[in-house]
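# Notes for the structure review
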Amino acid sequence: MTNQQGLTDQQGVTQGPTEPLREPEPPRAAAPDARAALLAVRAEVAKAVVGQDAAVAGLLVALLARGHILLEGVPGVAKTLLVRSLAAALSVETKRVQFTPDLMPGDLTGSLVYDASTSDFTFRPGPVFTNLLLADEINRTPPKTQSALLEAMEERQVSVEGRPRPLPHPFMVAATQNPVEYEGTYPLPEAQLDRFLLKVTLPIPARGEELEVLRRHASGFDPGDLAAAGLRPVASPDDLAAGAEAVRQVEISDEVAAYIVDIARATRTSPSLALGVSPRGATALMATSRAWAWMNGRGYVTPDDVKALAHATLAHRLSLRPEAELEGVTVTAVLDSALGAVPVPR
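Fair warning: this is a prediction, and the values are worked out from it, not measured in the lab.

Another point: the pattern of salt bridges. Tallied over the entire structure, the rule returns 12 salt bridges. For Asp-136, the salt bridge identified is with Arg-96, shortest N-O distance 2.9 Å. With Asp-136 in strand E5 (residues 132-136) and Arg-96 in strand E2 (residues 94-98), this residue pair connects regions lying 40 residues apart in the sequence. Residue Asp-136 is classed as buried on the basis of its relative accessible area of 7%. Taking the shortest distance from any N to any O, the salt bridge between Arg-215 and Glu-212 comes out at 3.8 Å. Taken as a pair, Arg-215 and Glu-212 lie in helix H7 (residues 207-218) at a separation of 3 residues, close to a single helical turn. Residue Glu-212 is classed as partly exposed on the basis of its relative accessible area of 27%. One connected set of salt bridges, linked through shared partners, spans Asp-194, Arg-280 and Arg-317.

Below, the discussion takes up the side chain of Thr-313. Its place among the elements puts Thr-313 in helix H11 (residues 303-314). Filtering out sequence-adjacent residues up to four positions away, Thr-313 remains in contact with Leu-197, Leu-198, Gly-281, Ala-284, Leu-285 and Thr-288.

Before going further, it helps to spend a moment on the packing of aromatic side chains. The tally for this structure, following the rule as stated, stands at 2 aromatic pairs. Consider the rings of Phe-123 and Phe-129, whose centres lie 5.7 Å apart with planes at 70°: the pair is edge-to-face. With respect to burial, Phe-123 and Phe-129 carry one shared label: buried. Just above the ring of Phe-123 sits the side chain of Arg-165; from NZ or CZ to the centre is 4.0 Å. Here the basic side chain of Arg-298 rests over the ring of Tyr-300, its NZ or CZ set 5.8 Å away from the ring centre.

As a further point, take the sheet that holds strand E9 (residues 198-201). The sheet built from 5 strands is open, its strands ordered E2-E5-E8-E1-E9 with parallel pairing. Edge positions in the sheet fall to E2 and E9, since each of these pairs with one other strand and no more. Across the sheet, the axes of successive neighbouring strands diverge by a mean angle of 20°, strand direction being ignored. Pairing of E2 with E5, which is carried by 5 bridges, proceeds in the parallel orientation.

A surface patch of nonpolar side chains, about 300 Å² in accessible area, is lined by Leu-112, Tyr-114 and Phe-121. Relative to the helices and strands, Phe-121 is located in strand E4 (residues 120-125).

The next point concerns unusual backbone geometry. A cis amide bond links His-169 with the next residue in sequence, Pro-170, at an omega value of 0°. As for its position among the elements, Pro-170 is in the loop between strand E7 (163-166) and strand E8 (172-177). The backbone phi angle of Ser-91 is positive, close to 60°, even though this residue is not glycine. Following the sequence through the fold, Ser-91 ends up in the loop between helix H3 (79-90) and E2.

Let us look at the pairing of E7. Sheet topology places strand E6 (residues 157-160) next to E7; 4 bridges connect them, and they run antiparallel. Looking at E7, one finds that Val-160 is bridged to Arg-163. Where E6 hands over to E7, the hairpin turn is made up of 2 residues, of which Glu-161 adopts a positive phi near 55°.

About the thresholds
- Residues numbered from 1 in each chain as written.
- Predicted model: local features only at pLDDT ≥ 70, side-chain atom pairs only at ≥ 80, totals over all residues.
- Heavy atoms only, no water.
- Salt bridge = Lys/Arg side-chain N within 4 Å of Asp/Glu carboxyl O.
- Helix = DSSP H or I, 4+ residues; strand = E, 2+ residues; numbered from the N terminus.
- Buried < 20%, exposed > 50% of the residue type's maximum accessible area, 1.4 Å probe, protein only.
- Contact = heavy atoms within 4.5 Å.
- Phe/Tyr/Trp six-rings, centres within 6.5 Å; stacked < 30°, edge-to-face > 60°.
- Lys NZ or Arg CZ within 6 Å of the ring centre and 35° of its normal.
- Pairing = 2+ DSSP bridges.
- Axes fitted to C-alpha atoms, helices over the stretch in contact; angles between N-to-C directions.
- Patch = residues over 30% accessible without salt bridge, like charges linked within 9 Å, V, L, I, M, F, W, Y side chains within 5 Å.
- Areas by Shrake-Rupley, 256 points an atom, 1.4 Å probe, with all protein chains shown as cover.

Right, here's the structure in full:
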C-alpha cells in the first residue's frame, strides 16, 4: 500500500494539472480493480529499481492526475531505469530524448519531410508522440526547445506548419535534471517549473539498498533487459483511464479546499519568498491530494492527504528572496512554516 507519510524517503528527502484538450476513452476497468493493478505496479518496478518506491508513487500520482513530473537526482540513481520499468509494468510505450544544446524543436515534435515518391511532404512524428516521454536533462537544451516540450505538455498536441496534431493518450512527460552541475545549462525559469505537477527528488539509496543493487548486478541483472529481471505488465492504459476517472470523483469538502487555499496564501505573505504559490499551484495540490486519497482507498480528501503531497507539489513553485538565500533559508523550511501556520480543519 502507499505510504501515508507522503512522498518522503527514509532520509527525510521530499520525493516527489493541466487539463488536456480531449477526454479519455471510456474506462473498461472497474475502479477497485484499477487501484489494485496500479498498486501492483510499485512491487513490479521494485524488481528492477531498488529504493525508489516513493518516486514510483509520485509518478503514479502524476499519471492519475494527468500531469507531468520533474525528476531531480545526481547521475546514477536510476532515473532512466525507473521510467522504463514503470512503462513496462503499465504496458505503455516510452521514449527517451537526451536533451543537448543543439537539440531543435523539430527534433522533438517531428517535422515535414519531402517524399520523392509522392512529390509531397509527409509528417514524420518526433519522439514526443509516445505515452511516457523521458526528457533527460531538460535543462541542457535552449529555451526554444524547452518551450516546444512545454507546449506539448500544456496542450497535449503539437503544431507543425500550422496544423495541430494530437498526442497519444495517456501522455506524460517525466523530465530530469542534474542538481549538481550547472555549467552549460539553461535552468527552467519559475514560470516553466510551475507547469510540472510534481517535482520528485531521487536520493542516493541507503546502504542496505545500495548493497542490494550490487548483489543484483553481480547475479547478472541487465538494466537493458527488463523481461529477464521478471518484470511484466501488471496494469494497462485502461486501468489508468479508470483510475483517472475515479480520482475526479473523489470528494473534497469546503473545509479541505479552504485549507489548500490558506496554505497557498500563507506562502504569498512569507517575507522569505519572492514568489509564492499561484492559484494553479493550489489547483495542482487539490489534484494530487485527490489521487493520493484514491490510491489509499478513500473517496474523500483529508488534511493528511494535503500535507503528504504539499512538498512534492508546491516546493518547486516557490522562489526565495536573495537575502533569505544568503541567510541559509530553504524552501523546505519556508513551506513547513506555512503548513504549520495554517489551522488544520477538523
